[in-house]
Amino acid sequence: MLLVKNIQLEDGKMIPASKFFGREDNDTLELTEAELVTREAVRKAWKRILPNVLEVEDSTDFFKSGAASVDVVRLVEEMKELCDGLELENEDIYMATTFMDFIQLLVRKLRGDDRKSECIIDYVEKAINKLILQMPHQLFIGGMFVDAEDAKTYGTINPTDGSVICQVSLAQISDVDKAVAAAKDAFENGLWGKISARDRGRLLYRLADLMEQHQEELATIEALDAGATYTLALKTHVGMSIQTFRYFAGWCDKIQGSTIPINQARPNRNLTLTRKEPIGVCGIIIPWNYPLMMLSWKTAACLAAGNTVVIKPAQVTPLTALKFAELTLKAGIPKGVINILPGSGSLIGQRLSDHPDVRKIGFTGSTEVGKHIMKSCALSNVKKVSLELGGKSPLIIFADCDLSKAVQMAMSSVFFNKGENCIAAGRLFIEDSIHDQFLQKVVEEVSKMKIGNPLDRDTNHGPQNHQAHLQKLIEYCQRGVKEGATLVCGGNQVPLPGFFFEPTVFTDVEDHMFIAKEESFGPIMIISRFANGDVDTVLSRANATEFGLASGIFTRDISKALYVSDKLEAGTVFINTYNKTDVAAPFGGFKQSGFGKDLGEAALNEYLRVKTITVEY
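Please read these numbers as outputs of a predicted model, since none were measured by experiment. (Residues numbered from 1 in each chain as written. Predicted model: local features only at pLDDT ≥ 70, side-chain atom pairs only at ≥ 80, totals over all residues. Heavy atoms only, no water.)

A closer look at the UniProt feature "domain: Carrier" (unreviewed entry) in the protein
If you check UniProt for "domain: Carrier" (unreviewed entry), the listed places come out as residues 33–110 in our numbering. For the annotated span residues 33–110, helix accounts for 63% and strand for 0% of the residues, and the straight-line distance between the end C-alpha atoms is 14 Å. (UniProt positions renumbered as here; feature names shortened; annotations may be inferred. Helix = DSSP H or I, 4+ residues; strand = E, 2+ residues; numbered from the N terminus.)

Here it is as structure tokens:
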């Protein structure tokens, strides 16, 4: 069976196939006498701008008739004069390229009735954190919030008390197909591919500004849905998301190829050049630990490169992604460029990986799932893939360090964002001579941590993201004790409503133990000793893992620091600091922590393809 979705007519116009045997769209406005006069005045303006056109017909296409970008500006200005200061934007011209469509758009704006293009949003409203939150809860496809197939929904849970925040639409396979079709149409036929790279950057800057205007609302939703402490959500979850979009907005008009001297066959000469082009429809699958920030890290680079995208947020944390979708509408991002599908990873993520029209998958999550996605991408259509996977990042603290700073940063390296941090220090190696002193100071600091409601400004340790993860942490600690590690403090669920877990410290952890090798992804500090001065042995132990996402070193000896950083097998090495990421610095792992980069110029290459063109003359 063949399903025909769209039909292109002889004049180039594309219509839904379902309307082929029907009448013209009955939403076409009937013009008043005054509007008919305006129409003819506009026709004369088009004729002035398009001198090569003998007669401006209803079907005359502005750009096919030879108009350039300067003519767009001229038309906007002429309409302002003709229509008493009516404000059009350049994008309006691109969206209504034929004379008839332009008149319809113009009349709607003159009547103040351009609501046809507005999106109706069914909000869930909650009064919280001295705000009235307005949260979209449906799928976002083709610029519209819509129900999932068969109106299926699920409850997203507040980890602070285990209550249901709201019902969210649960995407199905048919919804993936609709979203991919919308993204494909937006890429191939829509405004996104027609506007200049600089205009694309301007839209991303506008989106970043809107995110900043709504940052308190976004941070509150992140605290509500993901359990992030509000202050951290404001600074990192949301703050770095805004920075990321601003950074990549600046790259939009700086993506360029090169000219290459090649071997020439005389007497002819050759010009060889490369173009960096967008890939097409990209699928982005994001985790639950930084719902908005991980979306931003990948989506900003993807859009800056000129692609369109279908985003699958984690099923347990969909709400900031859907609020982000609303802000993209306000920013003027064309319909279909961004689509968002909350739903099951095994269903929605799998369909994106398998879909023949998706040309790139960007994934952050577990190594096990990453391997499965990589296999699916290969079998489906050999689509490009980048993977940011698990970690067991070593942090080596030498006796010659600044101990107070090392303790402070070690705490951050483990307990930042409740330990739900892909680059968290998964195992600390402490030089033997300072081990006991270090451990004592850490335990003192852990006892000062306030566990509680993430919306309280003085809380520094909120609930774990969801119930299943809390149970995993409990079992992880039980296994550590069973294998003989020393549980210094913590290891239990906090007796509060919700999914709270005690900050935990283990020591005497030996290399063969489960907790020495496997990631907890929670607030669990794993401490091992190493012999005084034995740099090469501790390096060997630190590298004895299949993970290679991040690592850290604390020492005052710069030669030692550089030697160890050279030898560590990790995509990021922190020296006398930790967790210090920046939107301009590439981020990604080695070995089974994945490949490909987020952030920095390097991230753009994940969403571009290079075309070589050779001309003989």
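Brief notes about the sheet that holds strand β9 (residues 259–260)
Within a sheet, neighbouring strands are paired by backbone hydrogen bonds and run either parallel or antiparallel to one another. Taken together, the three strands give an open sheet; going across it, the order is β9-β10-β26, and neighbouring strands pair in antiparallel fashion. Every other strand in the sheet has two partners, leaving β9 and β26 (608–616) as the edge strands with one partner each. Two elements, β9 and strand β10 (residues 270–278), share two bridges in a ladder whose sense is antiparallel. Opposite Thr259, over in β10, you have Leu273 as the bridge partner. (Pairing = 2+ DSSP bridges.)

Let's talk about the UniProt feature "active site" (unreviewed entry) in the protein
Here the UniProt-annotated "active site" (unreviewed entry) positions come out as Glu388. Tracing the backbone shows Glu388 in strand β15 (residues 384–388). The residues touching Glu388, leaving out its near neighbours within four places in the chain, are Met294, Phe363, Thr364, Gly365, Cys422, Leu549, Phe587 and Ser593. (Contact = heavy atoms within 4.5 Å.)

Structural notes on the pairing of strand β3 (residues 123–128)
Here β3 runs beside strand β4 (residues 131–136); their pairing, made up of six bridges, is antiparallel. Each bridged residue has a counterpart across the sheet, and for Lys126 the counterpart in β4 is Leu133. Remark: two residues form the turn of the hairpin made by β3 and β4, two consecutive strands paired antiparallel; Asn129 in that turn has positive phi of roughly 55°.

With respect to the side chain of Ser593
Tracing the backbone shows Ser593 in the loop between β24 (590–591) and β25 (594–595). Setting aside residues no more than four positions away along its own chain, Ser593 makes contact with Leu387, Glu388, Leu389, Gly390, Gly391, Glu546, Phe547, Gly548 and Leu549.

Quick look at empty space enclosed by the protein
One simple way to see leftover space: roll a probe sized like a water molecule over the atoms. Within this structure, the stated rule accounts for four cavities of 30 Å³ or more. Considering only enclosed or pocket space, the largest cavity measures out at about 90 Å³ in volume. Lining the largest cavity are 15 residues, and of these Ala424, Ala425, Gly426, Ser520 and Phe521 lie nearest its centre. Here the lining of the largest cavity is composed, by residue class, of seven nonpolar, six polar and two charged. Empty space within the second largest cavity amounts to approximately 60 Å³. Considering the residues around the second largest cavity, the lining is formed by 15 residues, among which Pro394, Phe547, Gly548, Ala550 and Glu569 are closest to the centre. Of all the secondary-structure elements, those providing two or more residues to the lining of the second largest cavity are β16 (393–397), α17 (535–543), β21 (547–548) and β22 (550–554). Tallied by class, residues from the lining of the second largest cavity come to seven nonpolar, five polar and three charged. (1 Å grid on protein atoms, 1.4 Å probe; cavity = no way out; pocket = protein on both sides within 12 Å on 5 of 7 lines; lining within 4 Å. Points joined across faces, edges and corners; volume = space filled by probe spheres on them. Nonpolar A, V, L, I, M, F, W, Y, C, P; charged D, E, K, R; others polar.)

Details of unusual backbone geometry
Comment: phi is negative for the bulk of residues other than glycine, and the bulk of peptide bonds are trans. If you check the backbone angles, Lys591 has positive phi at about 50° while not being a glycine. Summarising the element assignment, Lys591 is placed in strand β24. For Leu599, which is not glycine, the phi dihedral falls at a positive 70°. Within the fold, Leu599 resides in the loop between β25 and α19 (600–605).

With respect to the sheet that holds β16
With respect to topology, seven strands assemble into an open sheet ordered β18-β19-β20-β17-β16-β22-β23, the strand pairing being mixed. This sheet does not close on itself; its edge strands, each paired only once, are β18 (486–489) and β23 (572–575). Within this sheet the neighbouring strands show an average axis-to-axis angle of 20°, counted without direction. Pairing of strand β17 (residues 425–431) with strand β20 (residues 524–530) involves four bridges; the strand directions are parallel. Along β20, the bridge assignment pairs Ile430 with Arg529. (Axes fitted to C-alpha atoms, helices over the stretch in contact; angles between N-to-C directions.)

Thoughts on the pattern of salt bridges
Inspection of the entire model under this criterion finds 34 salt bridges. Here Asp177 ties to Arg351 by a salt bridge, and the two come within 2.9 Å at their closest N and O atoms. Remark: Arg351 occurs in helix α11 (residues 345–354) and Asp177 occurs in helix α5 (residues 173–188); sequence separation between them is 174 residues. With its nearest N and O atoms 3.7 Å apart, the salt bridge here joins Asp199 to Arg202. With Asp199 and Arg202 both in helix α6 (residues 197–213), this residue pair falls three residues apart, about one helical turn. Judged by relative accessible area, Asp199 falls into the buried class, the value being 18%. We classify Arg202 as partly exposed; its relative accessible area is 32%. Connected through salt bridges with shared partners, the residues Arg39, Glu40, Arg43 and Asp58 form a single ionic network. (Salt bridge = Lys/Arg side-chain N within 4 Å of Asp/Glu carboxyl O. Buried < 20%, exposed > 50% of the residue type's maximum accessible area, 1.4 Å probe, protein only.)

Brief notes about the pairing of β17
Across the seven residues that make up β17, a large majority, seven, are buried. Pairing between β16 and β17: five bridges, direction parallel. Bridge pairing links Pro394 to Arg427 in β17.

With respect to the layout of surface pockets
One number sums up the size of the second largest pocket: a volume of about 1,100 Å³. Along the walls of the second largest pocket sit 39 residues, with Trp288, Gly365, Ser366, Thr367 and Val369 positioned nearest its centre. Looking at the lining of the second largest pocket, the elements that each hand over two or more residues are α11, β14 (358–364), α12 (367–381) and α15 (467–482). Take the lining of the second largest pocket: its biggest share by element is six residues, from α15. When its residues are assigned to classes, the lining of the second largest pocket shows 16 nonpolar, 15 polar and eight charged. A domain-level breakdown of the lining of the second largest pocket finds at least three residues from each of domain 2 (123–388) and domain 3 (394–584). (Domains from an automatic or database assignment.)

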